[in-house]
Amino acid sequence: FEVNYNVSTSGIKIGEFKWLLNLNEHNYKTKIKLKNSGLFSTLYKFKGGYTSDGIIENQMFKSKKYVQNWQTKKQTKIVEMSFDGSIINLIQKPKEKELSRINLDILFEYFDPITSFLNILSGFDNVKTIDGRRIYIMKKNTSLGDNKITIEIRDYKNIWADHNRNDLKKIEFFINKDVFLPEKINIYFKERVFKLQKI
């Protein structure tokens with residue numbers, strides 16, 4: 001599967017988003033590429049790459065390895081995680097200076113964000129998620145004749161910070177039952193709505 005989206009907020013295009021998914025009966029690999037684009041490209045420069053691969057067991061996608069690379073004008077952040085039911089390794093560059101406020105060793109069947117999205121699309125209602133900085137549960141609600149999936153963010157906890165303020169409010173997937181990946185995605189972050197529309 002391959003889907004390309006335009007990214008806009010407040011009616012202004014700010015970027016392009018590509019979602020690739022390769023899978024067979026037992027394994028999957030998925031990649032997201034995000035980059036600035038449009039009239040305001042020179043003001044808001046960003047580029048992101050997110051890759052996850054793992055196994056499929058009982059129709060559930062299970063992370064084995066996740067890599068995130070996020071770049072802006074001012075900084076580059078890299079997150080690498082490996083899984084085997086539990087979290088084997090979590091690496092951040094630059095290295096996190098704070099001590100973890102969560103015992104990562106006891107987290108079981110937590111998945112990276114892209115894998116969690118795949119599990120929501122595959123029919124699971126609650127998915128435990130870790131993105132390298134936070135843990136939370138993605139809870140699925142379906143509406144509009146089953147063509148819209150709303151993902152609520154529950155039980156949000158910061159790993160490194162001493163507060164649990166959550167800037168990610170919710171995510172909406174608008175789906176076509178003949179195609180696995182969404183036709184449209186709305187991301188409610190802080191006071192903005194970022195809209196991803198399939199090209």
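Quick caveat, the model's predicted, so the values are computed rather than measured. What you see as residue numbers is a count from 1 along each chain, following the sequence as written. With the structure being a predicted model, the display of local features is reserved for residues of pLDDT at least 70 and the display and counting of side-chain atom pairs for 80 or more, all residues being used for whole-chain, interface and lining totals. Note that the side-chain values use all heavy atoms of the structure and ignore hydrogens as well as water.

Section: the overall build of the chain
Rules: Strands are runs of DSSP state E lasting at least two residues, helices are runs of H or I lasting at least four, and both sets are numbered from the N terminus onward. Computation of the radius of gyration draws on C-alpha atoms alone. For the globule rule, the value is 2.2 Å times the number of residues to the power 0.38. Burial classes: relative accessible area under 20% of the type maximum marks a residue as buried, over 50% as exposed, and values in between as partly exposed (1.4 Å probe, protein chains only). Whether two residues are in contact is decided by their heavy atoms, any of which lying within 4.5 Å being enough. The accessible surface values rely on the Shrake-Rupley method and a 1.4 Å probe; as for residues, cover is taken only from the protein chains in view. Counted charges follow a simple rule, with Lys and Arg positive, Asp and Glu negative, and His plus the chain ends left uncounted. A charge is said to be at NZ when it belongs to Lys, at CZ for Arg, at CG for Asp and at CD for Glu.
Broken down by element type, the chain carries one helix and 13 strands. Expected size for 199 residues packed as a compact globule is a radius of gyration near 16 Å; at 17 Å, the chain falls within 12% of this value. Across its three principal axes, the chain shows a C-alpha extent of roughly 45 × 40 × 30 Å. The buried share of the chain, reckoned over its 199 residues, is 40%. If you take every contact in the chain between residues at least 6 apart in sequence, the share linking residues at least 24 apart comes to 41%. With the model as given, the accessible surface of the chain reaches about 11,400 Å², and the carbon-plus-sulfur share is 49%. Computed over 35 positive and 23 negative side-chain charges, the separation of the two mean positions in the chain equals 8 Å.

Examining the pattern of salt bridges
Worth spelling out the cut-off: When a carboxyl oxygen of Asp or Glu lies within 4 Å of a side-chain nitrogen of Lys or Arg, that pair is called a salt bridge.
Throughout the structure, instances matching the rule amount to 13 salt bridges. We note a salt bridge from Lys13 to Glu16, for which the minimum N-O separation is 3.3 Å. Residue Lys13 is classed as partly exposed on the basis of its relative accessible area of 30%. For the salt bridge of Glu172 with Lys170, the shortest nitrogen-to-oxygen distance reads 3.7 Å.

Topic: the side chain of Gln92
We count it as follows: Polar contacts here mean pairs of N or O atoms no more than 3.5 Å apart (in protein, one a potential hydrogen donor and the other a potential acceptor; neighbouring residues in sequence count only if both atoms are side-chain atoms).
You can see Gln92 is positioned in strand S7 (residues 86–93). Only 3.4 Å separates the side chain of Gln92 from the side chain of Arg133, close enough to count as a polar contact.

As for a nonpolar patch on the surface
Applied cut-off: To count toward a patch, a residue needs a relative accessible area above 30% and no salt bridge. Like charges then connect within 9 Å, nonpolar side chains (Val, Leu, Ile, Met, Phe, Trp, Tyr) within 5 Å.
Residues Ile12, Leu39, Phe40, Leu43 and Tyr44 make up a contiguous nonpolar surface patch of roughly 560 Å² in combined accessible area. Among the structural elements, Leu39 can be located in the loop between strand S3 (27–36) and strand S4 (46–57). Overall, the relative accessible area of 82% leaves Leu39 in the exposed class.

So, the side chain of Asp112
By the element assignment, Asp112 lies in the loop between S7 and helix H1 (113–121). One buried charge, Asp112, has no salt-bridge partner; the nearest side chain with opposite charge is Lys64, at 11 Å. At 3.1 Å, the side chain of Asp112 forms a polar contact with the backbone nitrogen of Ile114. Residues contacting Asp112, with those up to four places away along its chain left out, are Ser52, Ser63, Tyr66, Met81, Phe83, Thr129 and Ile130.

Concerning a positive patch on the surface
Residues Lys29, Lys31, Lys33 and Lys65 make up a contiguous surface patch of positive charge. The element best represented in the positive patch is S3, accounting for three residues. With respect to the secondary-structure elements, Lys65 resides in strand S5 (residues 60–72). Classification of Lys65 as partly exposed rests on a relative accessible area of 47%.

Considerations on the environment of Thr72
Structurally, the position occupied by Thr72 is in strand S5. Classification of Thr72 by relative accessible area gives partly exposed; the value is 29%. If near-sequence neighbours (up to four positions away) are discounted, Thr72 is found in contact with Lys45 and Phe46.

Structural notes on H1
The α-helix winds at 3.6 residues per turn, so residues separated by three or four positions along the chain end up facing the same way. Counting buried positions along H1 yields nine of nine residues, so the element is predominantly enclosed. Turning to H1, its buried residues number three or more, namely Pro113, Ile114, Thr115, Ser116, Phe117, Leu118, Asn119, Ile120 and Leu121. Here H1 starts with a cap whose side-chain oxygen sits 3.1 Å from the backbone nitrogen of Ile114, and that cap is Asp112. Count one or two residues on from H1 and you reach Gly123, which has phi positive near 120°.

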